[in-house]
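Letter by letter, the chains look like this.
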Amino acid sequence: MKDWATTSRNFGGLPPYRRMRHELRAKLLDYAFTHFITLASNYQSLSYPRMRALLKEWDARVNREINGPKWAKRPDERLVWFAFPEKMDVNPHWHVIAEVDPCITSSTRAERTRRLPEIGHIHWQSLVPQGSFDCQSVESPGVIEYITKVSAEETHFEKFVVFREFINI
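Fair warning: this is a prediction, and the values are worked out from it, not measured in the lab.

### What to know about the overall build of the chain
Step number 1: Along the backbone of the chain there are seven helices and five strands.
Step number 2: Going from N to C terminus, the chain has its helices and strands arranged as α-α-β-α-β-β-α-α-β-α-α-β.
Step number 3: The buried share of the chain, taken over its 169 residues, is 43%.
Step number 4: Of the roughly 9600 Å² that the chain leaves accessible, carbon and sulfur atoms contribute 54%.

Here you go:
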């Protein structure tokens, strides 16, 4: 009988979590990301569950402001993003890579979407007053390697968050 654990562990010569990170990075290249965002707490004692709850609330507030009061009923118009936790024991923060809806027909929604850096900052600061917010445009696919750098560690790979986790369908 084949030893599946041994076979999968050596697939491609990479340990399992490094192989998964490699595959994740390849999949992320399928997206046309527009924004690289860092949501930092600047507060050591915030746990992963608390940071996840803050990320969820930030996502809801930003999507509501950009997409209007019925944002939750229009999942196709929401921001597409992936968030990776980092330094959860020292300075918990999220590295978020986001893609805005490329097919915006409403000029007012397009204007609100253009203001994503400002909107995101306002809402993060209201949730985490001691925190910091940084938003940059994605200039290179190299940002994917940067945000996933710690995801090859077992404790981190299972903690990254996908926008769809917060959609109630």
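Next, the rest of the story.
### Notes on the pairing of strand β2 (residues 80–86)
Step number 1: Within β2, seven of the seven residues are buried, which leaves the element mostly enclosed by the surrounding structure.
Step number 2: In β2, alternate side chains face the same way, and those of V80, F82, F84 and E86 on one face and W81, A83 and P85 on the other are all buried.
Step number 3: Across seven bridges, the pairing between β2 and strand β3 (residues 93–99) is antiparallel. Paired with W81 across the strands is A98, a residue of β3.
Step number 4: Joining the antiparallel neighbours β2 and β3 is a turn of six residues, in which K87 adopts a positive phi near 50 degrees.
Step number 5: Direction of pairing for β2 relative to strand β5 (residues 161–162): antiparallel, over a ladder of two bridges. Across the sheet, F82 pairs through a bridge with V162, a residue of β5.

### Considering the packing of helix α4 (residues 107–114) against helix α5 (residues 116–127)
Step number 1: The N-to-C vectors of α4 and α5 enclose an angle of 65 degrees; their axes lie 5 Å apart at closest approach. Of the residues in α5, those in contact with R112, T113 and R114 of α4 are L116, P117 and I119.
Step number 2: Of the residues assigned to the contact of α4 with α5, the class counts are three nonpolar, one polar and two charged.

### Some words on the side chain of H95
Step number 1: Along the chain, H95 falls in strand β3.
Step number 2: What makes H95 buried here is its relative accessible area of 3%.
Step number 3: Those residues within four positions of H95 in sequence are excluded, and the remaining contacts are F36, I37, T38, F82, A83, F84, E86, Y146, I147 and K149.

### Some words on the pattern of salt bridges
Step number 1: One pass over the full model with this rule turns up nine salt bridges.
Step number 2: In this structure, K149 engages E86 in a salt bridge whose closest nitrogen and oxygen atoms are separated by 2.9 Å. One end of the pair, K149, is in the loop between α6 (142–147) and α7 (154–157); the other, E86, is in strand β2, and 63 residues separate them in sequence.
Step number 3: For E86, a relative accessible area of 6% puts it in the buried group.
Step number 4: A salt bridge links E118 to R115, with the shortest nitrogen-to-oxygen separation between them at 3.3 Å.
Step number 5: One connected set of salt bridges, linked through shared partners, spans E65, R115 and E118.

The rules behind the values
- Residues numbered from 1 in each chain as written.
- Predicted model: local features only at pLDDT ≥ 70, side-chain atom pairs only at ≥ 80, totals over all residues.
- Heavy atoms only, no water.
- Helix = DSSP H or I, 4+ residues; strand = E, 2+ residues; numbered from the N terminus.
- Buried < 20%, exposed > 50% of the residue type's maximum accessible area, 1.4 Å probe, protein only.
- Areas by Shrake-Rupley, 256 points an atom, 1.4 Å probe, with all protein chains shown as cover.
- Pairing = 2+ DSSP bridges.
- Axes fitted to C-alpha atoms, helices over the stretch in contact; angles between N-to-C directions.
- Contact = heavy atoms within 4.5 Å.
- Nonpolar A, V, L, I, M, F, W, Y, C, P; charged D, E, K, R; others polar.
- Salt bridge = Lys/Arg side-chain N within 4 Å of Asp/Glu carboxyl O.

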